[in-house]
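Below, each chain spelled out in residue letters.
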Amino acid sequence: QVQLVESGGGLVQAGGSLRLSCAASGSIFSINVMAWYRQAPGNSERELVAAVTSGGSTNYADSVKGRFTISRDNAKNTVYLPMNSLTPEDTAVYYCNADLSPKRGGPTMRYWGQGTQVTVSS
């Protein structure tokens, strides 16, 4: 079994900062991409916030460029998302995911965390 556990969400005032973490554990052979998505109140879909490959290549949503920085510790199977200059529009449930292979030679599968709430007050 594979688990992704997020932490670091909470309530912050506009202009403040938070740092999200997500640790993957269980039967893991390799992790390709780790990413953060978010689902804002009233939205039915999750949007990509940021992603990072095992080699360190990153991708960001335009709305967070320059404010959020994704990074990962491959030895710990953990991805981080420091978020600065937060605005009320960043309010959402943030979900971590990982595209990983549980076994050598096995298929790559996507796993999701349970989500962590980020609320930014004006």
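The structure displayed is predicted, hence computed values, not measured ones. (Residues numbered from 1 in each chain as written. Predicted model: local features only at pLDDT ≥ 70, side-chain atom pairs only at ≥ 80, totals over all residues. Heavy atoms only, no water.)

## Here we look at the sheet that holds strand S7 (residues 71-73)
The strand order across the open sheet formed by four strands is S1-S3-S8-S7, and the pairing between neighbours is antiparallel. Edge positions in the sheet fall to strand S1 (2-7) and S7, since each of these pairs with one other strand and no more. Across this sheet, the average inter-strand angle for adjacent strands is 20°, counted without regard to direction. In this structure, S1 lies alongside strand S3 (residues 18-26), joined through six bridges in antiparallel fashion. Within S3, the residue paired with Gln 3 across the bridge is Ser 25. (Pairing = 2+ DSSP bridges. Helix = DSSP H or I, 4+ residues; strand = E, 2+ residues; numbered from the N terminus. Axes fitted to C-alpha atoms, helices over the stretch in contact; angles between N-to-C directions.)

## Quick look at the side chain of Arg 67
For Arg 67, the position within the fold is in the loop between strand S6 (58-60) and S7. In this structure Arg 67 comes out as buried when scored by relative accessible area, which is 17%. A polar side-chain atom of Arg 67 sits 2.9 Å from the main-chain carbonyl oxygen of Ser 63. Aside from chain neighbours lying at most four places away, what touches Arg 67 is Pro 82, Met 83, Asn 84, Ser 85, Leu 86, Thr 87 and Asp 90. (Buried < 20%, exposed > 50% of the residue type's maximum accessible area, 1.4 Å probe, protein only. Polar contact = N/O pair within 3.5 Å; in protein donor to acceptor, adjacent residues only side chain to side chain. Contact = heavy atoms within 4.5 Å.)

## Comments concerning the pairing of strand S11 (residues 116-121)
Across the two faces of S11 the burial differs, with Thr 116, Val 118 and Val 120 buried and Gln 117, Thr 119 and Ser 121 not buried at all. Alignment of strand S2 (residues 10-13) against S11, held across four bridges, turns out to be parallel. Residue pairing for S11: Gly 10 is matched across the bridge by Val 118. In terms of strand pairing, strand S9 (residues 92-101) meets S11 through three bridges, oriented antiparallel.

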